[in-house]
Amino acid sequence: MSIAGDSIYREIILDHYQNPRNRGTLEPNDYSYEDSNPLCGDEVRIDVRVKGDEIDDIAISGQGCAISQASASILMELVEGKTLDEIRRIGKDELLEELGIELSPARVKCALLSLKVLKAGLYGIDKANEEIDEV
Amino acid sequence: MTTITRTPVDTDVDELDGNLVKADFPILTRPAPAGRQSLVFLDSAASSQKPRVVIDSVSDYYDRLNANIHRGVYDLSEAATDAYETARKKIAAFINAKSSRECIMVRNTTEAINLVARAWGGANLKEGDLIVFTEMEHHSNIVPWHIIAEEKGLRLGHVHLDDDGRLDLNEYAELMKQEPKLVAFTHVSNSLGTVNPAKQMVADAHAAGAVTVVDAAQSAPHLPIDVQDLDCDFLAISGHKMLGPMGCGVLYGKKALLDAMPPYMGGGSMIRKVTLEHTTWADVPAKFEAGTPSVGDTVGLGAAIDYLNELQMDRVWAHERAIVAYALEAMQEADGIKIFGPKDAQARSGVVSFALDEIHPHDVAQILNEHNVAVRAGHHCTQPLMQALGVTATTRASFYVYNTNEDVDRLVEALYDARRVFSGAPSPTTSAARSDDPCRKQWDEKSFDG
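Residues numbered from 1 in each chain as written. Chains lettered and ligands numbered in written order. Predicted model: local features only at pLDDT ≥ 70, side-chain atom pairs only at ≥ 80, totals over all residues.

Focus: the overall build of chain A
Part 1 of the reasoning: Scanning chain A for helices and strands turns up 6 helices and 3 strands.
Part 2 of the reasoning: When its helices and strands are written in sequence order, chain A yields α-β-β-β-α-α-α-α-α.
Part 3 of the reasoning: Over its C-alpha atoms chain A spans a radius of gyration of 14 Å, differing by no more than 12% from the 14 Å that the globule rule assigns to 135 residues.
Part 4 of the reasoning: Every one of the 135 residues in chain A was classed for burial, and the buried ones make up 42%.
Part 5 of the reasoning: Pairs at least 24 apart in sequence give 61% of the contacts found in chain A among residues at least 6 apart. (Helix = DSSP H or I, 4+ residues; strand = E, 2+ residues; numbered from the N terminus. Rg over C-alpha atoms; globule rule 2.2 N^0.38 Å. Buried ≥ 20, exposed ≤ 12 C-beta atoms within 10 Å, placed from the backbone. Contact = placed C-beta atoms within 7 Å.)

Structure representation (structure tokens):
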């Protein structure tokens, strides 16, 4: 039997997909935003509570493919304890590097959905798109 | 004409040999890149591959015949016009239209349906009129009706599906009692493969006084079409799904209806006379073909029809049903595969939508791609149907003349690999696990609004 499928679905992806971090919703919250990827139907909502200018708590919900959901879980680890300013500086390359897999342009949208949702929640969708450089 | 010969087909043989057909398709016979298995193409419902004769016919058109058509008095323009109109005649014969004037060249099925909605609907529908379409329509047979319904204040009636993925014909009969002005439905579902009883549905709609629009994007490539037998008023076809080039499709319309309709687009070629104040229209089909058409692609579609005629459409249909029967059996044997749509292979075309365990269809398709098996994953431009099925997406394998049982075997083998990759704990995003997610509920509500 071929092992072809393993090249994209590395252990880290499957681990985050099957054991996602910070799963759920926060009520009340300071920021909440949801968006979907119409191509795949991936859906992500991120709720954020802040203390001062730091992330106090963050939760993610939604559904979708392994790439979108694993990437969202990895993002949760990436932003833990960070200030809002530091989150601003997280670019798409940083998240893609954490994923550590080669993605086709269509699947890159899956991978970046959570980052887009987080940034859109914090300072608006236009700025988020600009920073993530979506076409 | 092109000198390329195509695979001879022994007319005494009842079944097509998919491997012989496949040999006619350059893209399917190219050597795979190093380390890759050969390509298994199972996405023909989205767009078919093209045989060498079609590719060569387009190339040959530009080599020998290219010039703008109509009104050119020089030889080349006449030759191009002749090539274009010859293709139109082939198309008309292929669907048994009474006259090639009833075949309007458009870009694709989407444009064909928009043409009807805009031109026929614009002139004939008025506030409060009921129009009916079904839950299994492609967005191209929903959105144009939404647009005109919003503009005019039309009422919408919908035919829903039963548990087997077939139309609820009782509901259809009830809707007909409400005397709709227009009924639009797909001949074959692009997501489920369900073959609808088009002839009976047209007859029922006519009895109710409605004009009928049949979306034949998924039927014309696969089974014999006879518009006189169907008696439909309009029928829409995409050339690129039936071995032809992208960029050409056909709207069939009954001549009396076409004659009475206003134009869709204005411009060159569709006029009789233009003054500064006023325009009068050309006769059909020119009235609906403003601007320079896609001549080379239309010639290619003519070559595709020659090729299909040589294969014989009844054999094409038999071939697909044999493969889909084989596929349904092989997939039902494998654990964890849920097949959507009619269980009976005789009730469906060569389209199989399925779910594999709780693995997201895009992940399934991605792993199949690693095996060089090309399938489509997503909503297939049928979001209302996905909502009826209770899923956001499916994985879809679709078969055509060049597919074989070995292609099905490759598909199933790759599906086993997908299961192996995802064989850990159940994913957190299964529908059961998410049912109490407040977010989930919001999205459901939102998507139904959309």
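Here we look at unusual backbone geometry
Part 1 of the reasoning: Of note, the amide linkage connecting Glu27(A) to Pro28(A) takes the cis form, showing an omega dihedral of 0°.
Part 2 of the reasoning: Positionally, Pro28(A) belongs in the loop between α1 (11-18) and β1 (31-37).
Part 3 of the reasoning: In this structure, Pro285(B) follows Val284(B) across a cis peptide bond, with omega equal to 5°.
Part 4 of the reasoning: Position of Pro285(B) among the secondary structure elements: in the loop between β10 (279-281) and α11 (295-311).
Part 5 of the reasoning: Even without being glycine, Ser269(B) reaches a positive phi, approximately 75°.

Quick notes on the sheet that holds strand β3 (residues 130-134) of chain B
Residues and elements named next belong to chain B.
Part 1 of the reasoning: Strand order in this open sheet of 7 strands is β2-β8-β7-β6-β5-β3-β4, and the pairing throughout is mixed. Strand pairing shows two members of the sheet lacking a second neighbour, β2 (103-106) and β4 (155-159), which therefore form its edges. Mean inter-strand twist for the sheet, computed between neighbouring axes without regard to direction, equals 20°.
Part 2 of the reasoning: Looking at chain direction, strand β7 (residues 234-238) and strand β8 (residues 249-253) are connected through 5 bridges and run antiparallel. Paired with Ala236 across the bridge in β8 is Leu251.
Part 3 of the reasoning: The strands that helix α5 (residues 109-124) touches are β2, β5 (182-186), β6 (211-215), β7 and β8; relative to β8, the one it contacts most, it runs at about 35°. (Pairing = 2+ DSSP bridges. Axes fitted to C-alpha atoms, helices over the stretch in contact; angles between N-to-C directions.)

Here we look at the pairing of β4(B)
All names here are of chain B.
Part 1 of the reasoning: Bridge analysis of β3 against β4 gives 5 bridges, and the strand direction is parallel. Bridged to Ile131 within β4 is Leu156.
Part 2 of the reasoning: In this fold, β3 hands off to helix α6 (residues 143-152), which returns the chain to β4; that crossover is right-handed. (Right-handed = clockwise from strand over helix to strand, strands pointing away.)

Considering the sheet that holds strand β2 (residues 42-51) of chain A
Residue and element names in this part refer to chain A.
Part 1 of the reasoning: Sheet architecture is open: 3 strands sit in the order β1-β2-β3, paired in antiparallel fashion. Since the sheet does not close on itself, it has two edges, and those belong to β1 and β3 (54-63), each with one partner. Pairs of neighbouring strands in the sheet enclose a mean axial angle of 15°, with direction left out of account.
Part 2 of the reasoning: Here β2 pairs with β3 via 9 bridges, running antiparallel. Its bridge partner being in β3, Arg45 is matched across the sheet by Ser61.

Remarks on the nonpolar core
Burial of nonpolar side chains together is a common tendency in soluble globular proteins.
Residues and elements named next belong to chain B.
Part 1 of the reasoning: In terms of nonpolar packing, the biggest core is built from 159 residues, with Val116, Leu235, Val250, Leu251 and Ala418 touching the most fellow members.
Part 2 of the reasoning: When residues of this core are assigned to their parent elements, the largest contribution, 9 residues, is made by α11.
Part 3 of the reasoning: Counting contributing residues per domain, this core is built from domain 1 (60-308) and domain 2 (314-449), each supplying no fewer than three.
Part 4 of the reasoning: Apart from the residues lying within four places of it in its own chain, the contact partners of Val116 are Gly121, Val213, Phe234 and Leu251. (Core = buried A, V, L, I, M, F, W, Y, C linked by C-beta atoms within 7 Å. Domains from an automatic or database assignment.)

Thoughts on the pairing of β3(B)
Residue and element names in this part refer to chain B.
Part 1 of the reasoning: Most of β3 sits inside the fold, with 4 of its 5 residues counted as buried.
Part 2 of the reasoning: Two elements, β3 and β5, share 3 bridges in a ladder whose sense is parallel. Bridge pairing in β5 links Phe133 to Ala184.

A short note on the packing of helix α5 (residues 105-123) of chain A against helix α6 (residues 125-132) of chain A
Residue and element names in this part refer to chain A.
Part 1 of the reasoning: Contact geometry for α5 and α6: axes closest at 7 Å, N-to-C directions at 140°. One element, α5, and the other, α6, form an angle in the oblique class. The interaxial crossing formed by α5 with α6 has right-handed handedness. Judged by residue contacts, Leu112, Leu115, Lys116, Lys119, Ala120 and Tyr123 of α5 engage Ile125, Lys127, Ala128, Glu131 and Ile132 from α6.
Part 2 of the reasoning: Broken down by class, the residue content of the contact of α5 with α6 amounts to 7 nonpolar, no polar and 4 charged. (Parallel < 35°, antiparallel > 145°, perpendicular 65-115°, else oblique. Left-handed = near helix turned anticlockwise from the far one by under 90°. Nonpolar A, V, L, I, M, F, W, Y, C, P; charged D, E, K, R; others polar.)

Notes on the packing of α1(A) against helix α2 (residues 66-79) of chain A
Describing two packed helices takes the angle between their axes plus the distance from one axis to the other.
Residue and element names in this part refer to chain A.
Part 1 of the reasoning: Look at α1 against α2: their axes get within 8 Å of each other, and the N-to-C directions meet at 80°. If you check the angle between α1 and α2, you find them roughly perpendicular. Two secondary-structure elements touch here, α1 through Ile13, His16 and Tyr17 and α2 through Ala66, Ile67, Gln69, Ala70, Ser73 and Ile74.
Part 2 of the reasoning: Considered class by class, the residues forming the contact of α1 with α2 number 6 nonpolar, 3 polar and no charged.

Some points on the domain arrangement of chain B
For an interface, size is often stated in terms of accessible area lost upon the parts coming together.
Residues and elements named next belong to chain B.
Part 1 of the reasoning: With domains assigned, chain B is organised as domain 1 (60-308) and domain 2 (314-449).
Part 2 of the reasoning: Summarising the inter-unit geometry, the C-alpha centres of domain 1 and domain 2 are found 30 Å apart.
Part 3 of the reasoning: With 23 residues of domain 1 at the contact, the number on the domain 2 side is 23 residues.

Some thoughts on the environment of Pro262(B)
Part 1 of the reasoning: Tracing the backbone shows Pro262(B) in the loop between α10 (255-260) and β9 (271-274).
Part 2 of the reasoning: A sequence separation of 51 residues divides Pro262(B) from Met313(B), and the C-alpha atoms of the two residues are 35 Å apart.

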